[in-house]
Amino acid sequence: NNVNKFLNFINNLLKFCVNLPHLFDMKKILFCGLAASLIIISCKNLGSTLVKLNHSIKLKHVDRIVYFDPEVYPDFEEIKEPTNNVIYSAVSDELKNYGNYKIMHINNANIKYDSVDVNMIKESCLNNGAEIALVPKVKYFKVGLGKYVFSNQVIVSMKMYNNDGELVIENSYDTYKGSGRLLGSAENSIKIGTANVIKNMITELRSRNMTTPASE
């Protein structure tokens, strides 16, 4: 019996030694998998910038949203209308993922992104029965020297105000840093940037319990 136990011990020890390299390989695989996951997560967040977040504000139940046409840079009349159409469509589509929001579209307000007219925000929210207002901006990149030639890369920025005219959150998304878009159209870049800005703002607010979903 003792001989059998000893032989079983030796057999198990040999099996362990044979499998030992595989155990180390598995640790390497798990480590590489974890590292790859962290890299992927970092790359997804790379283009996003949380510019400002007012922690002291607790949003009321959000059902109606006032949306202003974006400030477009550079200030070329030819690109304003197509840019307005693309970003408004992208905002509407992305918001559907988070609730049944009613969007009040304010056209031709010529609101300046860096010096927002707070009284206009408050008045627009009051007149439309809205809880928040969205103020976007789209910046196109220049390629080359001399005459302005547009890149397909954009930075989409957005500010969210409550109906008291207080800035709740501001976020921006750089499509080049975020997704390394070397090919494709500026239209698709605007859609990607807008979707990420909306997603990041709502995720940030909900994670801090600063808002509630819209009514279904």
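Residues numbered from 1 in each chain as written. Predicted model: local features only at pLDDT ≥ 70, side-chain atom pairs only at ≥ 80, totals over all residues. Heavy atoms only, no water.

### Here we look at the packing of aromatic side chains
1) Next: Counting across every chain of the model gives one aromatic pair.
2) Next: Aromatic side chains Tyr67 and Tyr88 sit 5.4 Å apart centroid to centroid with 45° between the ring planes, which places their arrangement in the tilted category. In this pair, Tyr67 is assigned in strand β2 (residues 64-68) and Tyr88 in helix α2 (residues 77-95), connecting sequence segments 21 residues apart.
3) Next: You can call Tyr88 partly exposed: its relative accessible area is 25%.
4) Next: In this arrangement the basic side chain of Lys159 is found over the ring face of Tyr113, its NZ or CZ atom lying 4.6 Å from the centre. (Phe/Tyr/Trp six-rings, centres within 6.5 Å; stacked < 30°, edge-to-face > 60°. Helix = DSSP H or I, 4+ residues; strand = E, 2+ residues; numbered from the N terminus. Buried < 20%, exposed > 50% of the residue type's maximum accessible area, 1.4 Å probe, protein only. Lys NZ or Arg CZ within 6 Å of the ring centre and 35° of its normal.)

### Quick word on helix α3 (residues 118-128)
In an α-helix, one turn spans 3.6 residues; hence positions three or four apart end up facing the same way.
1) Next: Buried residues of α3: Ile121, Ser124 and Cys125, and no others. Mapping the buried residues of α3 onto a view down its axis gives an arc of 95°, with all of them on the same face. Along α3, exposed side chains directed more than 90 degrees from the buried face belong to Asn119, Glu123, Leu126 and Asn127.
2) Next: The N-capping residue of α3, defined by a side-chain oxygen 3.1 Å from the backbone nitrogen of Asn119, is Asp117.
3) Next: One or two positions beyond α3, positive phi appears at Gly129, with a value near 60°. (Arc of directions from axis to C-beta. Polar contact = N/O pair within 3.5 Å; in protein donor to acceptor, adjacent residues only side chain to side chain.)

### Some words on the confidence of the model for the chain
1) Next: Chain-level pLDDT for the chain is 80 on average; 70% of the residues reach the 70-or-more range.
2) Next: At the level of individual helices and strands, the chain shows its lowest average pLDDT in helix α1 (residues 2-46), which scores 51, and its highest in β2, which scores 97.
3) Next: Across residues 28-44 the pLDDT falls below 50, and counting only partners more than four positions away or on other chains, this stretch makes two contacts in the model. (pLDDT = per-residue confidence, 0-100. Contact = heavy atoms within 4.5 Å.)

### Section: the nonpolar core
1) Next: If you look at the biggest cluster of nonpolar residues, it comprises 32 residues, and the most contacted ones within it are Leu134, Met160 and Ile198.
2) Next: Breaking this core down by element, the ones donating at least two residues are β2, α2, β5 (132-143), β6 (149-162), β7 (167-174) and α5 (186-207).
3) Next: Setting aside chain neighbours within four positions, we find Leu134 in contact with Ile65, Val66, Tyr67, Phe68, Val91, Met158, Lys159, Met160, Ile198 and Met201.
4) Next: Among the nonpolar cores identified, the runner-up in size contains 14 residues, and Phe68, Val116, Val135 and Tyr161 belong to it. (Core = buried A, V, L, I, M, F, W, Y, C linked by side-chain atoms within 4.5 Å.)

### Focus: the layout of surface pockets
1) Next: Considered as a void within the structure, the largest pocket measures approximately 410 Å³ in volume.
2) Next: If you trace the largest pocket, you find 19 residues lining it, with Pro70, Glu71, Lys80, Asn84 and Asn110 closest to the centre.
3) Next: Residue assignment for the lining of the largest pocket shows that the elements contributing at least two residues are β3 (71-73) and α2.
4) Next: The greatest single-element share of the lining of the largest pocket, amounting to five residues, is contributed by α2.
5) Next: The class makeup of the residues in the lining of the largest pocket is six nonpolar, six polar and seven charged. (1 Å grid on protein atoms, 1.4 Å probe; cavity = no way out; pocket = protein on both sides within 12 Å on 5 of 7 lines; lining within 4 Å. Points joined across faces, edges and corners; volume = space filled by probe spheres on them. Nonpolar A, V, L, I, M, F, W, Y, C, P; charged D, E, K, R; others polar.)

### Quick look at the side chain of Asp69
1) Next: You can see Asp69 is positioned in the loop between β2 and β3.
2) Next: Here Asp69 occupies a buried position and makes no salt bridge, while the nearest side chain of opposite charge, Lys80, is found at 10 Å.
3) Next: Side-chain polar atoms of Asp69 contact the side chain of His105, separated by 2.6 Å.
4) Next: Residues within four places of Asp69 in sequence aside, it is in contact with Asn84, His105, Ile106, Asn107, Asn108, Ile111 and Pro136. (Lys, Arg positive; Asp, Glu negative; His and termini not counted. Salt bridge = Lys/Arg side-chain N within 4 Å of Asp/Glu carboxyl O.)

### Digging into the environment of Gly184
1) Next: Within the fold, Gly184 resides in the loop between α4 (175-179) and α5.
2) Next: Gly184 sits 31 residues away from Gln153 along the chain, and the two C-alpha atoms are 9.1 Å apart.

### Observations regarding the pattern of salt bridges
1) Next: Tallied over the full model, the rule gives six salt bridges.
2) Next: Lys102 is the partner of Asp63 in a salt bridge, and the nearest nitrogen-oxygen pair spans 3.5 Å. Placement of Asp63 in the loop between β1 (48-53) and β2 and of Lys102 in strand β4 (residues 102-106) is noted, with a sequence separation of 39 residues between them.
3) Next: We note a salt bridge from Lys191 to Glu187, for which the minimum N-O separation is 3.5 Å. Of this pair, Lys191 and Glu187 are both found in helix α5, four residues apart, which corresponds to roughly one turn of the helix.
4) Next: Several salt bridges converge on common partners, so that one network encompasses Asp75, Glu77 and Lys80.

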